[in-house]
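Summary of structural features
Residues per chain, in single letters:
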Amino acid sequence: MDPSSTEREFGRILEESLNEIFIFDAVTLQFLQVNRGGRENLGMTIQELRELTPVDIKPHMTRESFEALIQPLRNGSQETLVFDTLHRRKNGSDYEVEVHLQLASFHDLPAFVATILDTTKRNQVANDLRVRNRAIESVGVGVVISDASQHDMPIIYCNHAFERITGYGTQEVIGRNCRFLQQDDRDQEARHTIRETLHSGEECRVLLRNYRKDGQLFWNDLLISPVKNSAGVVTHYVGLCNDLTQRIRAEVEKSDRETRLQAILNTAVEAIITIDEWGVCESLNPAAETMFGYSVKEVIGQNISMLMPSPYREEHDQYLQNYLRTGEKKIIGIGREVVGRRKSGEEFPMELSVSEVRLKETRLFTGMVRDVTELKHAQQQLIQAERLTALGEATARLAHESRNSLQRIQIAVETARLHCDEHQLLVDQLNSIENASDRLHALHEEVRNYAAPLNLEFEETTLAKVWRSAWSATQHLRQGRQVHLIEQIPTDQIYCRVDRFRFEQVFRNLFENALVACSDPVEIAISVTETHTPLGDKWRLSIQDNGVGLDEQQRRRVFEPFFTTKAKGTGLGMAIAQRIVEAHGGTISVGSGFLGSGQRNGAEFIIEISR
Ligand SMILES: Cc1cc2nc3c(=O)[nH]c(=O)nc-3n(C[C@H](O)[C@H](O)[C@H](O)COP(=O)(O)O)c2cc1C
């Protein structure tokens, strides 16, 4: 081939090269030749460039600094020089370049040949990588990468968060399989999930028990994902570790707190109900179910007004809305007595206190309800008892005051009798005055007995002894009659601390009533059993006769003072008996009066008293 045509061909290749090629005079530094790549990137013609030197297109360089840079080429201490710099285009924009510079000759004159690589893109990629690296280093999640192409997938990288979570430094983990974080706690279901996933080359998320370098347990919420090359082959796995220890601990504590709260709600004696702003029930505890007779299911989601009688039922929604609008409180934070309505329709007095709980988005109202039916009843009984005490005191005074008058009547009757001789009409009148005053006297004694304070003298005795003594005292009433006392007792040793004389009076009253109520043959049965209650062990006595028994009204009123069914009698006997038993801390009540067979068998009274 002709040497000049080879030169031309070579010149053409250089002209077309993608690299930029600059040739400049070694003395003047002026450009002699610039290929198309160089011209186009700078946006200048060859004529324009021939007026310039490399210093003119390098914004950060001066002639001096450039000369100093190329000095090693000039003095032959270096054959090529490689450096990074900036080139400025005609339009003023800059681009990064890598310059390869050599001293050569051009048309037999010394010249520099520069091959320029536009590194803008390359630098951008490197920069991107740096940013990504820094991002991975600064995230809070632990990142670990293991090499899938090596045996047992050793760790090749871990970030700062992984070091912080595990307590191990990078150098301690590189080259190891991640399983060392499990220590001896290897029996974990999640391990098998990971193995299956790694086998299939897929992704998985598991919760593992891992251990820090100091041996402390932490819950690792781990996401493992495969990294594939362009051929789709898994080359690496990346693991993202999230330390869930605190969250799991907080959840456990929250659930513990909820369990404790639930236990309190479940065992509370008071009914506790929560409603939302629209009055719809959100929860109620077992005490509320018992109190209102509804099950949880029947109330949740329903309006609370179902637990109220009219007119509150109809007014409640309005009341709640008024409060929400105006903030004016009628019950909330105050509490008061209102009326509740059970499922059965029964209305009852209840003490209600409502507190408001403000949540982020909404608010709840918690109502605590106490059924005060019993309390009211007790209060009424107290008022009645106070009234009776006052009445008793007045009666006692009356009895005392009229006693003298009674005695004077009796003396006057005796004296008159001495002077009336055989005057039959007068004798009859005096007899009936005497009878009337005797009855009045007996009545006085009983009223005094009832009204006087009970000063008890306790002693240890057996109850059998007490009722047998009372039985003897009714001897005069039993004379000529067919009467049996039947004792059904486990033992004679029914020990008890009582005022013997007062308790005898209780039995005497019961026996006397039975003897009046029953016709012959009379059977009075006493049975005693032991009972065990949370308040202590008790004796339970049943005294039952075989008379006609008590009707409904009698059962209800038998302990009322002055209530009587007998032709004679003050109606104070049973009231006195009750007063005595209660003063001993016991109770007396009317029993069912049924025998085991279900057959009605006269009146029955039950006495319960502590052993
Ligand atoms: C990228 C990657 C990260 C992993 N990170 C953990 C980790 O943080 N804690 C851990 O107990 N196991 C981790 N493992 C799982 C174990 O390395 C191992 O695969 C697993 O224990 C099942 O294998 P083995 O039964 O042979 O131990 C990781 C696995 C891979 C591939």
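Residues numbered from 1 in each chain as written. Predicted model: local features only at pLDDT ≥ 70, side-chain atom pairs only at ≥ 80, totals over all residues. Heavy atoms only, no water.

In the annotation of an unreviewed UniProt entry, the protein is listed under the name Sensor protein FixL and assigned to Adhaeretor mobilis. According to its UniProt record, the protein has this under Catalytic activity (unreviewed entry): "ATP + protein L-histidine = ADP + protein N-phospho-L-histidine." (UniProt positions renumbered as here; feature names shortened; annotations may be inferred.)

Glancing now at the overall build of the protein. Within the protein, the secondary structure is distributed over 19 helices and 22 strands. Its C-alpha atoms give the protein a radius of gyration of 56 Å, more than 25% over the compact-globule value 25 Å for 611 residues. Overall, the protein is about 195 × 60 × 40 Å in size when its C-alpha atoms are taken along their principal axes. Per-residue burial over the protein gives 35% buried out of 611 residues. Counted over contacts in the protein with a minimum sequence separation of 6, partners at least 24 positions apart contribute 50%. Total accessible area computed for the protein in this model is approximately 36,700 Å², and 52% of it derives from carbon and sulfur atoms. Of the side-chain charges in the protein, 71 are positive and 88 negative, and the distance between the mean point of each set is 2 Å. (Helix = DSSP H or I, 4+ residues; strand = E, 2+ residues; numbered from the N terminus. Rg over C-alpha atoms; globule rule 2.2 N^0.38 Å. Buried < 20%, exposed > 50% of the residue type's maximum accessible area, 1.4 Å probe, protein only. Contact = heavy atoms within 4.5 Å. Areas by Shrake-Rupley, 256 points an atom, 1.4 Å probe, with all protein chains shown as cover. Lys, Arg positive; Asp, Glu negative; His and termini not counted. Charge placed at Lys NZ, Arg CZ, Asp CG, Glu CD.)

On to the nonpolar core. Core analysis: the biggest nonpolar cluster contains 44 residues, and Leu463, Trp467 and Phe503 have the highest contact counts within it. Sort the elements by how many residues they give to this core and helix H17 (residues 500-517) lands first, with seven residues. Look past the residues within four positions of Leu463 in its chain and what remains in contact with it is Ile494, Cys496, Val498, Phe503, Phe507, Trp539, Leu541 and Ile609. Counting residues in hydrophobic clusters, the runner-up holds 26 residues, among them Ile275, Met306, Leu307 and Leu352. (Core = buried A, V, L, I, M, F, W, Y, C linked by side-chain atoms within 4.5 Å.)

Turning our attention to the packing of aromatic side chains. What characterises a pair of aromatic rings is the spacing of the ring centres plus the angle enclosed by the ring planes. A full pass over the atoms with the stated rule returns twelve aromatic pairs. An aromatic cluster of three or more residues is present, and its members are Phe22, Phe24, Phe31, Phe66 and Phe112. Over the ring of Phe180 we find Arg176, and its NZ or CZ is 4.2 Å from the ring centre. Above the face of the Phe501 ring, Arg500 is positioned so that its terminal group lies 5.2 Å from the ring centre. (Phe/Tyr/Trp six-rings, centres within 6.5 Å; stacked < 30°, edge-to-face > 60°. Lys NZ or Arg CZ within 6 Å of the ring centre and 35° of its normal.)

Every one of the 21 residues lining the ligand counts as a neighbour, but Asn177, Gln182, Arg191, Arg195 and Asn210 are closest to it. In this structure, an oxygen atom belonging to the ligand sits 3.0 Å away from a side-chain N or O atom of Asn220. Burial of the ligand by the protein amounts to 95% of the accessible area it has alone, namely 610 Å². Those elements that place two or more of their residues in the shell around the ligand are strand S6 (142-147), helix H8 (189-200), strand S8 (204-211), strand S9 (217-228) and strand S10 (234-243). (Near = heavy atom within 4 Å. Polar contact = N/O pair within 3.5 Å; in protein donor to acceptor, adjacent residues only side chain to side chain.)

Read from one edge of the open sheet, five strands run S7-S6-S10-S9-S8, paired in antiparallel fashion. What marks the edges here is a single partner per strand, and that holds for strand S7 (155-158) and S8. For this sheet, the mean angle separating the axes of adjacent strands, direction not counted, is 25°. Summarising the sheet, S8 and S9 pair through eight bridges and their orientation is antiparallel. Residue pairing in the sheet places Tyr211 in a bridge with Leu217 of S9. (Pairing = 2+ DSSP bridges. Axes fitted to C-alpha atoms, helices over the stretch in contact; angles between N-to-C directions.)

Here, UniProt's "domain: PAS" (unreviewed entry) annotation points to residues 128-201 and 257-327. Secondary structure across residues 128-201 comprises 46% helix and 14% strand; the distance between its end C-alpha atoms is 28 Å.

Where helix H15 (residues 463-473) contacts H17, the axes come no closer than 8 Å and their chain directions differ by 55°. Compared by their axis directions, H15 and H17 come out oblique. When the axes of H15 and H17 are compared, the crossing they make is right-handed. Of H17, the residues touching H15 (which contributes Leu463, Val466, Trp467, Ser469, Ala470, Trp471 and Ala473) are Arg500, Phe503, Glu504, Phe507, Arg508 and Phe511. Classifying every residue of the contact of H15 with H17 by side-chain character gives nine nonpolar, one polar and three charged. (Parallel < 35°, antiparallel > 145°, perpendicular 65-115°, else oblique. Left-handed = near helix turned anticlockwise from the far one by under 90°. Nonpolar A, V, L, I, M, F, W, Y, C, P; charged D, E, K, R; others polar.)

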